[in-house]
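# Coordinate analysis (summary)
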Amino acid sequence: MMKIFFVLSIVMTFSLSAQAKSLELKKNSGSIFVEEKSDWKLSRDLFGMPFIYFSPESNGQRSNISFTDTGAELELDINSLSSNQKSYENNKKIWADKVGATPRSFVPYKATVNQHGHRVHSIGFSYVHEGKNYLEKSHYIECRGKIIFSKSLRLIENEKHEKDFSDLISSLDCGGV
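Residues numbered from 1 in each chain as written. Predicted model: local features only at pLDDT ≥ 70, side-chain atom pairs only at ≥ 80, totals over all residues. Heavy atoms only, no water.

### Considering the sheet that holds strand β5 (residues 64-69)
The seven strands are arranged β3-β4-β5-β9-β8-β7-β6 in an open sheet whose pairing can be described as antiparallel. At either margin of the open sheet sits one strand with a lone partner, and together these are β3 (41-46) and β6 (102-113). Within this sheet the neighbouring strands show an average axis-to-axis angle of 15 degrees, counted without direction. Pairing of β6 with strand β7 (residues 119-129), which is carried by nine bridges, proceeds in the antiparallel orientation. Bridge pairing in β7 links Val107 to Gly124. (Pairing = 2+ DSSP bridges. Helix = DSSP H or I, 4+ residues; strand = E, 2+ residues; numbered from the N terminus. Axes fitted to C-alpha atoms, helices over the stretch in contact; angles between N-to-C directions.)

### A look at the environment of Gly117
Here Gly117 shows up in the loop between β6 and β7. Distance from Gly117 to Glu142, taken between C-alpha atoms, is 9.3 Å for residues 25 residues apart in sequence.

### Comments concerning the packing of aromatic side chains
Two aromatic rings are characterised by how far apart their centres lie and by the angle between their planes. Within the structure shown, the criterion is met by eight aromatic pairs. Taking 6.2 Å as the distance between ring centres and 85 degrees as the angle between the ring planes, the aromatic pair formed by Trp40 and Phe165 counts as edge-to-face. Of the two residues, Trp40 is situated in the loop between β2 (30-35) and β3 and Phe165 in helix α4 (residues 160-171); the sequence distance between them amounts to 125 residues. For Phe165, a relative accessible area of 2% gives the class buried. A ring pair is formed by Phe106 and Phe125, whose centres lie 5.7 Å apart and whose planes are at 20 degrees; its orientation type is stacked. In this pair, Phe106 is assigned in strand β6 and Phe125 in strand β7, connecting sequence segments 19 residues apart. (Phe/Tyr/Trp six-rings, centres within 6.5 Å; stacked < 30°, edge-to-face > 60°. Buried < 20%, exposed > 50% of the residue type's maximum accessible area, 1.4 Å probe, protein only.)

### Overview of the environment of His129
Relative to the elements of secondary structure, His129 occurs in strand β7. Separated by 27 residues in the primary sequence, His129 and Thr102 have C-alpha atoms spaced 6.6 Å apart. Filtering out sequence-adjacent residues up to four positions away, His129 remains in contact with Val99, Gly100, Ala101 and Tyr134. Side-chain polar atoms of His129 contact the backbone oxygen of Val99, separated by 3.1 Å. (Contact = heavy atoms within 4.5 Å. Polar contact = N/O pair within 3.5 Å; in protein donor to acceptor, adjacent residues only side chain to side chain.)

### Digging into helix α3 (residues 85-99)
Between its terminal C-alpha atoms α3 stretches 21 Å, which fits the 21 Å expected from 15 residues at 1.5 Å a residue. Where α3 is concerned, the buried positions are Gln85, Tyr88, Glu89, Lys92 and Ala96. Down the axis of α3, the sector holding all buried residues measures 95 degrees, keeping them to one side. For α3, the exposed residues lying more than 90 degrees away from the buried face are Lys86, Asp97 and Lys98. (Expected span 1.5 Å × (residues − 1). Arc of directions from axis to C-beta.)

The following block contains the structure:
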């Protein structure tokens, strides 16, 4: 009987410690909840973004992902977004030309559903700027009738942060947003 209790204690302790903590990003009327990442730092109201989550430094850079409650109350049309991919690409080429960057490739539009049942629309592109290769992605998350905008940016070689970004988008939930 004691062995069973001991094994159950270990399993329960492991289960509780393996669960990810939730980080609440609270602004005005609502909150956004994402998985808390160890050694990541949260900044508020930086570069016009209410929340930016920075990774630990890797290859001389800190990858980051921002979260913004757009206040828009709507559902996005998958067909419309998919058909506007060329417009997105043209706008990114114009932006790259203005800042002296060179577009490398585009990440095609895709729609998925995260672990909380929220539809996520994503699109992105990679580019070279001042000798460094970057990957930028935009995510539009439909969360209880509102749109949460998220943008991730990393050096291409910081591929491990792409999984972190994916985990954060997958874990995103909202309350009163």
